Amino acid sequence: MVAAASGSSATRDGWSSRSAFILAAIGAAVGLGNVWRFPTLAGESGGGAFVIFYIGCVFLLGLPLVLSEIFIGRAGQTDAVGSIKKVAQDSGASERWSIFGGIGALAAWLILSFYSVVAGWVLYYVGVMGWDLLQAIGAGDPLRGALAGESKDVIEGRMGDLFASPSLLLVMHFAFMGLTLFIVARGIGSGIEKAATWLMPAFFVLLVGITIYGAFVGDMGQAVRFLFTPDWSKLPPAVMNSALGQALFSLSLGVAGLITYGSYIHEGSKLGSTSAAIAVADTSVALIAGLMIFPIVYAVGLDPAAGPTLVFQTLPFAFQTMPGGALIGFLFFVLILVAAITSSISLLEVPTAYGIGERGWSRHKSALIFGGGAFVIGIACLLGYNVWSDVRPLGFWSLFENTDILDTVDGFTGKVMLPIGALLTSLFIGWKADSRMVQEVTGLTGGMFVVWRFLIAWLCPIAVTIILITGLFPSILGS
Ligand code: PFF
């Protein structure tokens, strides 16, 4: 079965080695989800309980799903829909299961639309901080604090100015989406793999460097207490739902991203350790990002629950008061930008592979159609901050009553589509896929296989269903 599947791969682009795949998959997983969304949610949800529940979701539910998605791609050797069909055929199951590949591709595409808008904000701040650094260098004081002489109102107002300007938001969104499109159009080996090989090491150096800086100039003790001391009263179903959604989002699950990336692995079968490496790396980066950001937030008495503007509005002010803040502030936003690019290329790759595999389009055409489409939806998201600020796309649903366009696309994909994708993946792999084939392709045997099987067939479907339903309809629990 496996040999037949890989037979068709001779002409298909692929990763040059196992480590190239791991690096690219970590690049896909590590993104705005780790350095922007995780600290934002952890801050808003009160820290410890959210973080611990999130870690539980990653290893008990996320890791088995990572392995399942990579398995489907590795066995299918084509886009998500085609790969699921292939595994279904070989297992004697209905091809209709491939619907979750389609839902996943749609979710990836929707996520890309707002992801690019947020990455556009990052790009803008790279410009602001870069310009400030140049001025500091010009003034012969490269190690001064950021944005010297600007009042807190001016610094915080910068984000308001950006949001009030559709054209500025549009230019940034356009530039970021253009870069993503350019890399994806070049393909796996010379586009995505090359980008990950250069950018991920740079990312890790910056992450560790800025965290060490934060430990010196910030309040690490308070940050650790905030992130790791649980107050379980701060874990209502809605918070559990967003922690699960965050675990799925951060590991790029439920959107067929790892099915797609897994399909470019043509040989080798140590998928268990590969999956563990991805989950551990992604979670470590999220936690380190927390330990990078919160000491700085606390040091200057800022509010950890500031919400989505935390890293944009709050941190530049913190960098003002710190030695070397101009340089570190600039590097901080470069770091986020690097993380965002390696993830956005994977988001575009999912629908692009679908266009190539299921519609027979060329890579260029497919990337252009889906990248262009996501760009247009992104325009609606960015207009939601100014001319369409009153629009509430799902306002009839109490969960999204007061939610603007971008947050609606984010919330709906994260809280609804990803859990549904994860649920269908676990049901398909846990109950329909041929066990012998799974063992053969993943290389998982003995006790490890039994544990994984239990998690994917029982724990994942039950836990995801409960968290999904109670999170979306809190009235069930009377809260
Ligand atoms: N995992 C990415 C992040 O944490 O930013 C987001 C993401 C990328 C989700 C790719 C889904 C995906 F397919």
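Before reading further, recall that the structure is shown in the block above.
Small disclaimer: the values here were computed from a predicted structure and weren't measured.

Undergrad: Got a minute to help me understand empty space enclosed by the protein in this structure?
TA: Counted by the stated rule, this structure contains two cavities of 30 Å³ or more. The space that makes up the largest cavity amounts to roughly 160 Å³. Lining the largest cavity are 18 residues, with Ala28, Tyr115, Phe249, Ser252 and Leu347 positioned closest to its centre. Among the secondary structure elements, those contributing two or more residues to the lining of the largest cavity are helix H2 (18-29), helix H3 (32-44), helix H6 (99-138), helix H11 (237-250) and helix H15 (325-359). The residue makeup of the lining of the largest cavity, split by class, is 11 nonpolar, seven polar and no charged. Taken as a whole, the second largest cavity holds about 40 Å³ of empty space. Surrounding the second largest cavity, Glu69, Phe100, Gly101, Gly104, Gly254, Val255, Ala256, Ile259, Gly421 and Thr425 form its lining. Where the lining of the second largest cavity is concerned, the elements lending two or more residues are H6 and helix H17 (405-432).

Undergrad: I tried to follow the side chain of Ser68 on my own but got confused; where do I start?
TA: Position of Ser68 relative to the elements: it lies in helix H4 (residues 48-76). Excluding its chain neighbours within four sequence positions, the residues that come into contact with Ser68 are Thr425, Ile429, Trp452 and Ile456.

Undergrad: Please clarify how the site of the ligand should be interpreted in this entry.
TA: Near the ligand there are 15 residues, and of these Ala29, Gly33, Tyr115, Phe249 and Val255 occur at the shortest range. Here Gly33 contributes a backbone N or O atom positioned 2.7 Å from an oxygen atom of the ligand. Take Phe249: an N or O atom from its main chain is 2.8 Å from a nitrogen atom of the ligand. Protein coverage of the free-state accessible area of the ligand, which is 340 Å², stands at 99%. One can see that the ligand is located within the largest cavity. Going through the elements one at a time, H2, H3, H11 and H15 are the ones with two or more residues in the shell around the ligand. Considering only residue class, the shell around the ligand consists of seven nonpolar, eight polar and no charged.

Calculation notes
- Residues numbered from 1 in each chain as written.
- Predicted model: local features only at pLDDT ≥ 70, side-chain atom pairs only at ≥ 80, totals over all residues.
- Heavy atoms only, no water.
- 1 Å grid on protein atoms, 1.4 Å probe; cavity = no way out; pocket = protein on both sides within 12 Å on 5 of 7 lines; lining within 4 Å.
- Points joined across faces, edges and corners; volume = space filled by probe spheres on them.
- Helix = DSSP H or I, 4+ residues; strand = E, 2+ residues; numbered from the N terminus.
- Nonpolar A, V, L, I, M, F, W, Y, C, P; charged D, E, K, R; others polar.
- Contact = heavy atoms within 4.5 Å.
- Near = heavy atom within 4 Å.
- Polar contact = N/O pair within 3.5 Å; in protein donor to acceptor, adjacent residues only side chain to side chain.
- Areas by Shrake-Rupley, 256 points an atom, 1.4 Å probe, with all protein chains shown as cover.
- Sits in = over half its atoms within 2 Å of the grid points.

On their own, these measurements won't tell you what the molecule is for.
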